[in-house]
Amino acid sequence: MSYTDLRDYLDELARRDLLHVIDEPVNKDTELVPLVRLQFRGLPEPQRKAFWFRNVTDMRGRRFDGSVTLGSLGSSRTVYGAALGVGPDEIGAKWASTHGNHLPPEEVPRDQAPVKEMVRCAPDLGPGADAFPHLISTPGFDPAPFITAGVWVTRDPETGAYNLGIYRGMIKAPDRIGCATDVNTQHLAIQWEKARRMGRHLEVAVFIGGPPALLFAAAGKVPYGVNEYGVAGALNGAPVPVVQAETVDCVVPANAEIVIEGRIRTDFLEPEAPFGEASGYLGPRKMEKLLEVTAITHRKAPVYQGIVSEFPPSESTVMRKAAFDAIYLRHLRDACNIPSVKKVACHEMASCNMMFVIQLDRPALGQPWQALHSAAGFDASLGKIFVAVDADVDPDNMEAVQWALSYAMQPHRDVEIVRGKLPRLDPSVSVEEGLYPDGQGASAMLINACREHPYLPVSLPRQDFMEAARTRWAALGLPALDLKTPWHGYPLSAWTEENAEEAELAVTGRYFETGDKLMGRREKTGGD
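Residues numbered from 1 in each chain as written. Predicted model: local features only at pLDDT ≥ 70, side-chain atom pairs only at ≥ 80, totals over all residues. Heavy atoms only, no water.

Participant: Give me the lowdown on the overall build of the chain, citing residues and values where you can.
Facilitator: Tallying secondary structure elements over the chain gives 14 helices and 26 strands in all. Principal-axis analysis of the C-alpha atoms gives the chain an extent of 105 × 60 × 45 Å. Burial statistics for the chain: of 528 residues in total, 51% are counted as buried. Sequence-distant contacts in the chain: of pairs separated by 6 or more residues, those separated by 24 or more amount to 73%. (Helix = DSSP H or I, 4+ residues; strand = E, 2+ residues; numbered from the N terminus. Buried < 20%, exposed > 50% of the residue type's maximum accessible area, 1.4 Å probe, protein only. Contact = heavy atoms within 4.5 Å.)

Right, dumping it as structure tokens:
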């Protein structure tokens, strides 16, 4: 199903019982994020929901003419799936369906754009950016409220190609917002550098709130130059309505809640942060970009949208995992011509940035290493640990991955370190080290944990016996089972027909026959 705007989507979440509506006063500086954060520390993922706070205050005693939604994009895979109109198990297929089927945005007149209900342009900005309930994400540690779910719309200064990306924005003044791109491979950072070399500032419009597919497209790692508006249209099942911005040369979602326009200065940088990062630690203060605000447009009583990020798991890790699993799979299987790749799983406790597990089904010689190198090369700033596993190892199950790491590889033979990676929000690389004293950048570890020589069967009872046991278990009224893969044994390449015959003799009570046979194969030791 397609959504017109954020409000339409919140109505659907309520209909599906995936939304907590809070009408009691909640302080956005000290109470709001901690309240939502609790579910990520204390509830199983399927029980997590979105929140909608409709009576928001702050530490200055203000009451906001609007509301705040948090956790509405990725509190759980069920919530994420609802945003795409699919079930949680259909998310990967939904992302795959967008390939080559982008729907370009459709421009509408200003009088048909709800985001133009209220318009203020510099120098008459009034309270400016401070009019909205920007959240303090890590109260007690963050130095200011930050925009966390803002989508920054920019255009390539040379080609005019659009880019939509989610970057944090530190609220510094009514007309000044910090912009953190973290690494120079971020697409906004590439465009900023182009503008700097051309002696221009980079125009930008930051929108908050809109059809959820827009934010998913902005968060996904699509190739540079691909218009995320078209990806969002494909995800949403309908083109995104857009309208011309007031003071910058770009279009913005007509149904957004808030749009902040301006220019990112290219002639100086300014200190920004610290801020709670997806690594689970605060990121340090550093020199970053600055947005100077030239206009603000918004709907009446706007619904402000934030994202729970910082310590994993979080809303942002759910969002990244849903997108990255599908994007890396398509990259390896289709773009890199490795048909044996069946699944890719990033892991939330690694912030979905640092660890990727690649599942291959009977790979040809060399394909595990091809997949590992191709995954490591997808993005210079993504991935510290890459693991290749066989088809019977669930890449999402860390216990299964540990099994493969323990018994399907040898470190001296199956581990490779690659250099030249770009550290991203990684406190294990100190500020003093920068890109390491040797100048070779950060590193990644590639581990081939695919079985590449004959193995005996998995040491669990055969499938028919375990299925019979499961039937008996239910008949006995024992507790409901949540079986983990593998839950039964199966033969591997070192299992012979003779082995199978002997096993059958054992379960039919004829094991003495095997004993007699083996007695005939005795070998003398050379002693008396």
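Moving on from the coordinates now.
Participant: Outline the environment of Gly280, supporting the account with residue identities and numerical values.
Facilitator: Here Gly280 is to be found in the loop between strand 18 (275-276) and strand 19 (282-283). Overall, Gly280 belongs to the partly exposed group, its relative accessible area being 24%.

Participant: How would you explain the pattern of salt bridges if you had to name every residue and give the values?
Facilitator: If you walk through the whole model with that rule in mind, you get 49 salt bridges. The salt bridge partner of Asp156 is Lys194, with a shortest N-O separation of 2.6 Å. One end of the pair, Asp156, is in the loop between strand 9 (151-155) and strand 10 (162-166); the other, Lys194, is in helix 5 (residues 187-197), with 38 residues separating them in the sequence. Put simply, Glu288 and Lys286 hold a salt bridge, and the shortest N to O gap is 3.7 Å. Take Glu288: its relative accessible area is 4%, and that puts it in the buried class. Take Lys286: its relative accessible area is 28%, and that puts it in the partly exposed class. Three or more residues joined by partner-sharing salt bridges are found here, namely Arg168, Asp182, Glu272, Glu277, Lys286, Glu288 and Lys289. (Salt bridge = Lys/Arg side-chain N within 4 Å of Asp/Glu carboxyl O.)

Participant: Describe the sheet that holds strand 15 (residues 251-253), naming the residues involved and giving the relevant values.
Facilitator: The strand order across the open sheet formed by 3 strands is 6-14-15, and the pairing between neighbours is mixed. The open sheet has two free edges, formed respectively by strand 6 (106-107) and strand 15, since each of these has just one partner strand. Judged from the 3 bridges that link them, strand 14 (residues 241-244) and strand 15 form a sheet pairing that is antiparallel. The residue of strand 15 that forms the bridge with Val242 is Pro253. (Pairing = 2+ DSSP bridges.)

Participant: A description of a nonpolar patch on the surface should follow, citing residues and the corresponding values.
Facilitator: A grouping of Trp473, Leu476, Leu478, Leu481 and Leu483 is seen on the molecular surface, where their side chains present a nonpolar patch of about 440 Å² in accessible area. Here Leu483 lies in the loop between helix 12 (463-475) and helix 13 (497-507). Assessed through its relative accessible area of 37%, Leu483 is described here as partly exposed. (Patch = residues over 30% accessible without salt bridge, like charges linked within 9 Å, V, L, I, M, F, W, Y side chains within 5 Å. Areas by Shrake-Rupley, 256 points an atom, 1.4 Å probe, with all protein chains shown as cover.)

Note that every value here comes from positions in space, so none of it alone points to a role or purpose.
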